[in-house]
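Here's the letter readout for the chains.
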Amino acid sequence: MNQRILLMMLLSMVAMVAKSWDGDRKHFRVEVGLGPEFGANHVADLHNRIGGMVYAEADYAFSAIPITVGLNVSRSVFSRQYKYRMTDDSGMLTQHGAADVNFWSTNFMVTADYYVDIKRNVQFFAGAAVGMCKVKFTNEVEVEPIEFGVTVGDSGTSGTAAFVPRIGLIVNNLRLTIGYKLQEKANRAAFLSAGYIFRF
């Protein structure tokens, strides 16, 4: 008997949530946005600068539960500076220089978010994205020896898994997000983003 009562209560709660969540919402959404990224100095001798990100996300909002699932594609860039000094066996300075190393990353992610209505047009959400991150780095190293100058270039690519926890607010069609990208060390970073949502 108690189990039946508990089951009825749970079903009633699910029905209430479904009714409050569905309303006149449109289920398909596409979001585009951008924002800054803030990476720590994870790579030895590379001093981090603020990066930037652009992204697009498409998701679907379920009727029965306040959850969305979707796909996210983003592109990020970091510029880090590497300074060095070289000496000969006697300790005399022979050359010094600086390298601007640009780290580009492209992320392909599956997303899931849970929403809580604060007001009719204001929602809090918490969720995560998981997928792959492809990283490319390029640099131009300006070497300045005592007698002449040399330019040395290098580049490379790598791929890694990525996990991105995130929270934020939606106000009407504007979404503000704070998150952290757990991925390849060179592009591991916290981010802020602002995006506009198109509903279908």
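Here's a quick rundown of the structure. Along each chain, the written sequence defines residue order, and numbers are assigned to residues from 1. A pLDDT threshold of at least 70 governs which residues receive local features in this predicted model, and a stricter bar of 80 or more applies before side-chain atom pairs are shown or counted, although totals over entire chains, interfaces and linings include all residues. In computing side-chain values, all of the structure's heavy atoms are included and hydrogens and water are not.

Topic: the nonpolar core
Here's step 1: In terms of nonpolar packing, the biggest core is built from 9 residues, these being Met 53, Tyr 55, Met 109, Ala 129, Cys 133, Val 135, Ala 162, Val 164 and Phe 191.
Here's step 2: Under the DSSP-based scheme used, a helix requires at least four consecutive residues in state H or I and a strand at least two consecutive residues in state E, with every element numbered from the N terminus. Of all the elements in the fold, those that place two or more residues in this core are strand 3 (51–61), strand 6 (122–145) and strand 7 (150–171).
Here's step 3: For this core, the element with the highest residue contribution is strand 6, accounting for 3 residues.
Here's step 4: In this analysis, two residues are considered to be in contact whenever any of their non-hydrogen atoms come within 4.5 Å of each other. Apart from the residues lying within four places of it in its own chain, the contact partners of Cys 133 are Ser 105, Thr 106, Asn 107, Ser 158, Gly 159, Thr 160, Ala 162 and Gln 183. In this description, a nonpolar core means a group of buried Ala, Val, Leu, Ile, Met, Phe, Trp, Tyr and Cys residues linked to one another through side-chain atoms lying within 4.5 Å. Buried, partly exposed and exposed residues are distinguished by accessible area as a fraction of the type maximum, computed with a 1.4 Å probe on protein chains only: under 20%, between the cut-offs, and over 50%, respectively.

Focus on the packing of aromatic side chains
Here's step 1: Pairing of aromatic rings covers Phe, Tyr and the six-membered ring of Trp, with a centre-to-centre limit of 6.5 Å; geometry is then stacked below 30 degrees between planes, edge-to-face above 60, and tilted otherwise. Under the definition given, this model contains 4 aromatic pairs.
Here's step 2: Relative to Phe 62, the ring of Tyr 60 has its centre 5.4 Å away and its plane inclined at 90°; by these criteria the two rings are edge-to-face.
Here's step 3: What makes Phe 62 partly exposed here is its relative accessible area of 32%.
Here's step 4: Consider the rings of Tyr 115 and Phe 125, whose centres lie 5.5 Å apart with planes at 35°: the pair is tilted. A residue pair is termed long-range when its members are at least 10 positions apart, and Tyr 115 in strand 5 (residues 93–119) and Phe 125 in strand 6 qualify at 10 residues. In this structure, Tyr 115 and Phe 125 share a single accessibility class: buried.

Observations regarding the side chain of Thr 111
Here's step 1: Considering the arrangement of structural elements, one finds Thr 111 in strand 5.
Here's step 2: Taking the relative accessible area as the measure of exposure, Thr 111 reaches 2% and is therefore buried.
Here's step 3: Each residue touching Thr 111, except ones within four places of it in the same chain, is listed here: Glu 57, Thr 68, Val 69, Gly 70, Leu 71, Asn 72, Ala 128, Ala 129 and Arg 166.

Regarding the side chain of Thr 68
Here's step 1: Take Thr 68: it is sitting in strand 4 (residues 67–87).
Here's step 2: By relative accessible area, Thr 68 is classed as buried at 1%.
Here's step 3: In this structure, Thr 68 is in contact with Arg 29, Asp 59, Tyr 60, Ala 61, Thr 111, Ala 112, Asp 113 and Tyr 115, ignoring residues within four places of it in sequence.

Remarks on the pairing of strand 8 (residues 174–181)
Here's step 1: Residues of strand 8 alternate between two faces, with Arg 175, Thr 177, Gly 179 and Lys 181 buried on one and Leu 174, Leu 176, Ile 178 and Tyr 180 left unburied on the opposite face.
Here's step 2: By the convention used here, strands pair only if DSSP detects at least 2 bridges between them. Across 8 bridges, the pairing between strand 8 and strand 9 (residues 189–199) is antiparallel. In the strand pairing of strand 9, Ile 178 is matched with Leu 192.

Let's talk about the pattern of salt bridges
Here's step 1: The salt bridge criterion pairs a side-chain nitrogen of Lys or Arg with a carboxyl oxygen of Asp or Glu, the two atoms within 4 Å. Tallied over the full model, the rule gives 7 salt bridges.
Here's step 2: Salt bridges sharing partners connect three or more residues here, namely Glu 31, Glu 57, Asp 113, Arg 166 and Arg 175.

Quick word on a nonpolar patch on the surface
Here's step 1: Nonpolar side chains collect at one region of the surface, where Phe 38, Ile 50, Tyr 114, Val 116, Ile 118, Phe 124, Ile 167, Leu 169, Val 171, Ile 178 and Leu 192 lie side by side and expose about 960 Å² of accessible area between them.
Here's step 2: Sorting the residues of the nonpolar patch by element identifies strand 5 and strand 7 as the ones contributing at least two each.
Here's step 3: Within the secondary structure, Leu 192 is located in strand 9.
Here's step 4: Under the relative-accessibility criterion, Leu 192 is labelled partly exposed at 38%. The residues that make up patches have over 30% relative accessible area and no salt bridge, and they are joined within 9 Å when like-charged or within 5 Å when they are Val, Leu, Ile, Met, Phe, Trp or Tyr. Each accessible area value is a Shrake-Rupley result obtained with a 1.4 Å probe; residue values ignore everything except the protein chains displayed when judging cover.

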